[in-house]
Amino acid sequence: MKIKILTGLLTGLVVAASTTALFSQPSRAGNNSFFCATLNRQPVTFARNSRGNVPLVRWTSNSYFPPPWTAQRRCQEVGRRFQRNYDNGTLKYINTGTLNGEPVVCAAVNKDDACTNRTLLFTLKRGSDADATLKRLMDRRGLASGYVLSETGPGSVDVERYLEDTPVEENVSPISP
């Protein structure tokens, strides 16, 4: 009788421990953080995940937006916006669109979601082609891996897939806020 009780108790403990271990494993999707750093003396918005630092947007121009919106300042702000949208669950896709008459890049839950003030990642130069600009800004190796934006309509990049397959960078230098 005692052996049956002990066996049942041990079996229950093993099942409970296994279930707890299985469901408490962190998901890879939940381990992303977004930040600004320099790569080859250029500000770049990165995502850090379990694989390393994945470059997202290379900031190449200081000439369009007025001070204080330098490439470095935009990089830092955009890193915060990526993080906020990721934490809110709205960063499944990176979409292009128009907001307040300006071409923009935004976070989205679905490929065809419209950009809103809450999902805005960054504004582009007035009159620019949002898809073409996003292609130019985003890491070319990631886009070469198959994440090319649509040529015929609003652009869209699957964020999780991009972060999983884009090569990581090892030599990044953090930028202080």
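Residues numbered from 1 in each chain as written. Predicted model: local features only at pLDDT ≥ 70, side-chain atom pairs only at ≥ 80, totals over all residues. Heavy atoms only, no water.

**Remarks on the side chain of Asn85**
Among the structural elements, Asn85 can be located in helix 2 (residues 71–88). On the accessibility criterion, Asn85 (1% relative accessible area) is buried. With residues near it in sequence (within four places) discarded, Asn85 still touches Thr90, Leu91, Ala107, Arg118, Thr119, Leu120 and Leu121. (Helix = DSSP H or I, 4+ residues; strand = E, 2+ residues; numbered from the N terminus. Buried < 20%, exposed > 50% of the residue type's maximum accessible area, 1.4 Å probe, protein only. Contact = heavy atoms within 4.5 Å.)

**Some details on the sheet that holds strand 6 (residues 120–123)**
The strand order across the open sheet formed by four strands is 6-5-4-7, and the pairing between neighbours is antiparallel. At either margin of the open sheet sits one strand with a lone partner, and together these are strand 6 and strand 7 (156–158). Strand after strand, the sheet turns through a mean of 25° between neighbouring axes, direction not considered. As judged from the seven bridges shared by strand 4 (residues 93–99) and strand 5 (residues 102–108), these two strands associate in the antiparallel manner. Each bridged residue has a counterpart across the sheet, and for Gly97 the counterpart in strand 5 is Val104. On top of the sheet, helix 2 reaches strand 4, strand 5 and strand 6; it is set at about 155° to strand 6, its chief contact. Packed on one face of the sheet, helix 3 (residues 130–137) meets strand 4, strand 5 and strand 6 and runs near 140° to strand 4. (Pairing = 2+ DSSP bridges. Axes fitted to C-alpha atoms, helices over the stretch in contact; angles between N-to-C directions.)

**Comments concerning the pairing of strand 5**
For strand 5, the tally of buried residues reaches seven of seven residues, placing the bulk of the element in the interior. Of the two faces of strand 5, the one holding Glu102, Val104, Cys106 and Ala108 and the one holding Pro103, Val105 and Ala107 are both buried throughout. In this structure, the hairpin formed by strand 4 and strand 5 is closed by a connection of two residues, where Asn100 is found at a positive phi of approximately 55°. Bridge analysis of strand 5 against strand 6 gives three bridges, and the strand direction is antiparallel. Its bridge partner lying in strand 6, Val104 is registered against Thr123.

**Description of the sheet that holds strand 8 (residues 173–174)**
Taken in spatial order, the four strands of this open sheet run 3-2-1-8, and their pairing is antiparallel. Because the sheet does not close on itself, it has two edges, and the strands there are strand 3 (52–58) and strand 8. Pairing between strand 1 (residues 33–39) and strand 2 (residues 42–49): seven bridges, direction antiparallel. When the sheet's bridge partners are listed, Ser33 is paired in strand 2 with Arg48. Sheet contacts for helix 2: strand 1, strand 2 and strand 3; angle to strand 1, the most-contacted strand, approximately 160°.

**A closer look at helix 2**
Helical periodicity: at 3.6 residues per turn, an α-helix aligns residues three or four positions apart in one direction. Between its terminal C-alpha atoms helix 2 stretches 25 Å, which fits the 26 Å expected from 18 residues at 1.5 Å a residue. When helix 2 is considered as a whole, its buried residues turn out to be Ala71, Arg74, Cys75, Gln76, Glu77, Val78, Gly79, Arg81, Phe82, Gln83, Asn85 and Tyr86. Looking at the residues trailing helix 2, positive phi occurs at Gly89, about 80°. (Expected span 1.5 Å × (residues − 1).)

**Digging into the pairing of strand 3**
Within strand 3, seven of the seven residues are buried, leaving the element largely enclosed by the surrounding structure. Note that strand 2 and strand 3 share six bridges and pair antiparallel. Within strand 3, the residue paired with Ala47 across the bridge is Val54. From the end of strand 2 to the start of strand 3, which pair antiparallel, there are two residues.

**Section: the state of the cysteines**
Scanning all chains against the criterion turns up two disulfides. Bridging Cys106 to Cys115, the disulfide has an S-S length of 2.0 Å. Torsion about the S-S bond of the Cys106 and Cys115 cystine: about -65°, corresponding to left-handed handedness. Taken as a pair, Cys106 and Cys115 share a single burial class, namely buried. When the bonded cysteines of the protein chain are numbered from the N-terminus onward, they pair as 1-2, 3-4. (Disulfide = S-S within 2.5 Å.)

Any functional reading would require information that these geometric values do not contain.
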